[in-house]
Amino acid sequence: MKETEKTQIKISVRNLVEFILRSGDIDQRQGSMDSVEAMQAGSRLHRKIQRRQASSYHAEVPLVLAIEEEYYQLVVEGRADGIILEEQVTIDEIKGIYMNLDLLEEPIPIHLAQAKCYAYIYGIQHNLSSIDVQMTYGNLDTEELRYFRYSYSMEELQQWFSELILKYKKWADFQYEWRLIRQQSIKPLPFPFPYREGQKDLVSDVYRSIARKKTLFIQAPTGVGKTISTLYPAVKAVGEELADKIFYLTAKTITANVAKETLELLGERGYRGKSVQITAKEKMCLCEEVECTPEKCPYAKGHYDRVNDAVFELLHKADVMNREVLLQQAKEWTVCPFEMCLDTATWADNIICDYNYVFDPNVYLKRFFQEGIKGDYIFLVDEAHNLVERGRQMYSAAVVKEEFLAMKKIFKLRSTSIVKELDKCNKKLLEYKRQCDTYEILDDISTFIFSLMNLVSKINEYLQKNPEFPDREEVVDFYFSLRDFLNIYDCVDEHYVIYTQHTGEGNFMLKLFCVDPSRQLQERIDRANAAVFFSATLLPIQYYKKLLSTRTDNYAIYAKTMFSSEQRMLLVASDVSSKYTRRGPKEYERIADYIYGTLQAKAGNYMIFFPSYLFLNEVYEIYEKKFPDTARLLRQESGMREEKREEFLRVFEEESKEPLLAFCVMGGIFGEGIDLKEEKLIGALIVGTGLPQIGTEREILKNYYDENGENGFDYAYRFPGMNKVLQAAGRVIRTVEDVGVIELLDERFLQREYKMLFPREWEQHEICNVKNLPGKLQDFWERQG
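Source: prediction; values computed, not measured.

A. Structural context of the packing of helix α15 (residues 401–411) against helix α16 (residues 416–435). At their nearest, the axes of α15 and α16 sit 9 Å apart, and the two run at 160° to each other. The orientation of α15 relative to α16 falls into the category roughly antiparallel. The two elements α15 and α16 cross, and the hand of that crossing is left-handed. Residues K401, E402, F404, L405, M407, K408 and F411 of α15 form the contact with α16, whose own contacting residues are I418, V419, L422, D423, C425, N426, L429, L430 and K433. Per-class residue counts for the contact of α15 with α16 are ten nonpolar, one polar and five charged.

Structure, rendered in structure tokens:
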């Protein structure tokens, strides 16, 4: 940017009016019905309406107004749905909603305000003296239309728009002033540590990828310093005007906290950046139950009247805004902490949050990712191996036949028309059920979808007319599950498989299964300037590149770990297996012998990872009986709550002369994301190759990828299994001081198909059996001195 050019502060028309003109209460009952624009269905209705218009109708017209302030330009931009160029110019604003249009007496004020902004921008730029506004509401189910029309003189629009901008000016001033502070702090910002071997190259690779607006995949072994090695170059890129906002995306609280601490560390070195950590609504709620109505929650009542002032004050008194800071501010201003957190994120430089807030079609932050709008964002995606399965979950949806019958009981005496539609849906599901043995793949469910749309329309209408009735909560939950199903159905293409199945609970399910989430994920990635995916277990990297993105020009690098191979002994057992055909007392006893042999070589804390709870319990009981009183024994249980999990991990922190054996499940809560350094954990024994259990979806995945020219077994079983193995193994060496052993207790690891998946750091490994194991381990521990 030339020095003579002013900084631009940009805001969309929609964000401007929604931010400045909102008022009143949070009310989930009202919001559930009129936060009603489903993106896919809304866009389709827009296009349908636009195509029907005369030649004087111009669709999707971009409008931009630059307002000159003393030090910056305030740029208000948006896209008018339609401009009708006749003798009297008309701005057409189309809104697709699920509400019964007979109940809509006037336009929703925020919607009309958007149209008035477009009218003012167009009118002022074309020297008009007056202009008309048409609000076009379309019901997304019935496609019925309703119009509201208004005429405005430019004088009244100018006065109204000037007042709107005046209210926003202090926020634009803050953005301008804060950006100056931020940018000046970044230029001299040093890397906060001496560079480890290979780390400077990694930092440079991340920066280069951002500068070139590329997507980068990093296999980042433990010891790379992946958080600082991605955040630091991203911050420096912001300092060079290559982006304006960083999203640090992660699946776990522990990695989110590391990101927050890293930003605080940069703050200690002089960096000034506003950082917000978004926590789930349930964990932010100040009430005993999450019930967002003004009657039940004092923080919901009048929230929108106070929240802007609460956010403005918070931005002036804190740089790092985590859960505790946000809760304190929310209490002081009596506002909802979760909603205030989302509003604060609008003004933040760094947003630390779950993947959902960027990628999930139901939860994503609409203020940043409105359809068709690309932001000056960088996405840093930590533990990116998790995003494959999370993506499949986010873009899949299911309905259960028995829920339709439960709804029929609720509506039996309330609405004959809803019961009639429920019967139609149930009848079609019964037809599918009769065709289904265990599971059945379907090609066409359009008849069911048509019935479902009618049902959703009827339930929506009923909810509009009946804000209070017994069982309303169950009906709303059912309504949204159907709405979600219909929205996902709009996305169904060759990346999906539609199937029915008899579930283990005795229910019958129809599912839209997203087998390949790459297209949907790519649409979200495209909303940023650049994205960096990284994990200690992003292998094989081509698999993740294929499933996380559709682009073929993405970069990939293998970062160099600072850990030495001397710190670790990797053993592969040649005389044991977790294969189903081998499972039995003899094999369980041999695994117990491996555990005891490991303990004999060096007493200490070990984790043993098993393919299932059943397998774990079999070996646990044999060990306890055969080798009593040799160690303290811990056993992971199914469905452990957070307190139990913390209690489990605290045992590793205790100072004790007695060794500790923790029996865990691979891929479970202790298989990744825990950090036990030095003597707290000196070894991991991994039983089996981690293959997921055979099931309907695994078989669908296998068949899908076989049919698409890939190795289906790899995609459905081997690669996900190996990821669990690598994660479990990664618990052992966490720092340069750590020393430990990793034992792969399954002879299948000696097969070429598995050895090809070993990370580079595993090139040095030894083959062992239960007899020579103690000797090999003793040699290793003696070398450590």
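Once the structure has been displayed, the description carries forward.
B. Seen up close, unusual backbone geometry. Following L539, the chain continues to P540 via a peptide bond in cis, the omega torsion being -10°. Secondary-structure assignment places P540 in the loop between β17 (530–535) and α20 (541–548). The backbone of E60 sits at a positive phi, close to 50°, despite the residue not being glycine. Inspection of the secondary structure puts E60 in strand β2 (residues 57–68). With a phi angle near 50°, T334 is a residue other than glycine that sits in the positive phi range. Residue placement: T334 occurs in the loop between α11 (323–333) and α12 (337–346).

C. Examining the state of the cysteines more closely. Scanning the model with the defined rule gives zero disulfides in all. Lacking any disulfide linkage, C297 is separated from the closest cysteine sulfur, that of C287, by 3.6 Å. Not engaged in a disulfide, the cysteine C514 finds its nearest cysteine sulfur in C491; these two sulfurs lie 8.8 Å apart.

D. How the structure looks around the packing of aromatic side chains. Inspection of every chain in the model, using the stated rule, returns 53 aromatic pairs. With a centroid separation of 5.2 Å and an interplanar angle of 85°, the aromatic rings of F191 and Y232 are classed as edge-to-face. Taken together, the positions of F191 in the loop between α5 (154–186) and α6 (199–211) and Y232 in helix α7 (residues 226–239) put the pair 41 residues apart, joining distant regions of the chain. On the basis of relative accessibility, which here comes to 11%, the residue F191 falls in the buried class. You can call Y232 buried: its relative accessible area is 8%. Aromatic pair Y704 and Y705: ring centres 4.9 Å apart, planes at 85°, arrangement edge-to-face. In this structure, Y704 and Y705 share a single accessibility class: buried. An aromatic cluster is defined as three or more aromatic residues linked by ring pairs; in this entry it consists of Y588, Y596, F610, F615, Y620, Y623, F627 and F663. Seen from the ring of F312, K170 lies directly overhead, with NZ or CZ sitting 4.2 Å from the centre. Positioned above the aromatic ring of W178, the side-chain terminus of K274 is 4.2 Å from the ring centre.

E. Geometry of the pattern of salt bridges. Taken as a whole, this structure holds 50 salt bridges when the rule is applied. Salt-bridge contacts for E313 lead to K317; the nearest nitrogen and oxygen are separated by 3.4 Å. On the basis of relative accessibility, which here comes to 31%, the residue E313 falls in the partly exposed class. Of the residues examined, K317 reaches a relative accessible area of 48% and is grouped as partly exposed. Of the charged contacts in the structure, one is a salt bridge between D706 and K702, with a shortest N-O distance of 3.4 Å. Taken together, the residues D706 and K702, both in helix α24 (residues 696–707) and four residues apart, mark about one turn of the helix. D706 sits in the partly exposed class, given a relative accessible area of 39%. Residue class for K702 comes out partly exposed when judged on its relative accessible area of 23%. Ionic contacts of the salt-bridge type, sharing partners, join the residues R179, R182, D244 and D349 into one network.

F. A negative patch on the surface, seen in detail. Negative charge collects at one region of the surface, where E288, E289, D471, E473, E474 and D477 lie side by side. Tracing the chain through its elements places D477 in helix α18 (residues 472–489).

G. Focus on the packing of α15 against α18. Running from N to C, α15 and α18 cross one another at 140°; their axes reach a closest spacing of 11 Å. As far as their axial angle goes, α18 and α15 are oblique. Relative to α18, the crossing made by α15 is left-handed. Between α15 and α18, the residues in contact are E403, F404, M407, I410 and F411 and E474, V475, F478, S481 and L482, respectively.

H. Structural view of the sheet that holds strand β13 (residues 397–400). Here we have four strands laid out as an open sheet, ordered β13-β16-β15-β14, and antiparallel in their pairing. Of all the strands in the sheet, just β13 and β14 (439–442) have a single pairing partner and so form its edges. Strand-to-strand twist in this sheet, taken as the mean axis angle between neighbours without regard to direction, amounts to 20°. With four bridges joining them, β14 and strand β15 (residues 496–502) adopt antiparallel strand pairing. Within β15, the position partnered with I441 by the bridge is Y499.

I. Molecular detail of the nonpolar core. In this structure, F247, I278 and F404 are the most contacted members of the largest nonpolar core, which totals 204 residues. Broken down by element, the residue count for this core peaks at twelve residues, all from α5. Beyond its immediate chain neighbours, meaning those up to four positions away, F247 contacts I351, C353, V358, L365, F368, F369, Y377, I378, F379 and L380.

Basis of the calculations
Residues numbered from 1 in each chain as written. Predicted model: local features only at pLDDT ≥ 70, side-chain atom pairs only at ≥ 80, totals over all residues. Heavy atoms only, no water. Axes fitted to C-alpha atoms, helices over the stretch in contact; angles between N-to-C directions. Helix = DSSP H or I, 4+ residues; strand = E, 2+ residues; numbered from the N terminus. Parallel < 35°, antiparallel > 145°, perpendicular 65-115°, else oblique. Left-handed = near helix turned anticlockwise from the far one by under 90°. Contact = heavy atoms within 4.5 Å. Nonpolar A, V, L, I, M, F, W, Y, C, P; charged D, E, K, R; others polar. Disulfide = S-S within 2.5 Å. Phe/Tyr/Trp six-rings, centres within 6.5 Å; stacked < 30°, edge-to-face > 60°. Buried < 20%, exposed > 50% of the residue type's maximum accessible area, 1.4 Å probe, protein only. Lys NZ or Arg CZ within 6 Å of the ring centre and 35° of its normal. Salt bridge = Lys/Arg side-chain N within 4 Å of Asp/Glu carboxyl O. Patch = residues over 30% accessible without salt bridge, like charges linked within 9 Å, V, L, I, M, F, W, Y side chains within 5 Å. Areas by Shrake-Rupley, 256 points an atom, 1.4 Å probe, with all protein chains shown as cover. Lys, Arg positive; Asp, Glu negative; His and termini not counted. Charge placed at Lys NZ, Arg CZ, Asp CG, Glu CD. Pairing = 2+ DSSP bridges. Core = buried A, V, L, I, M, F, W, Y, C linked by side-chain atoms within 4.5 Å.

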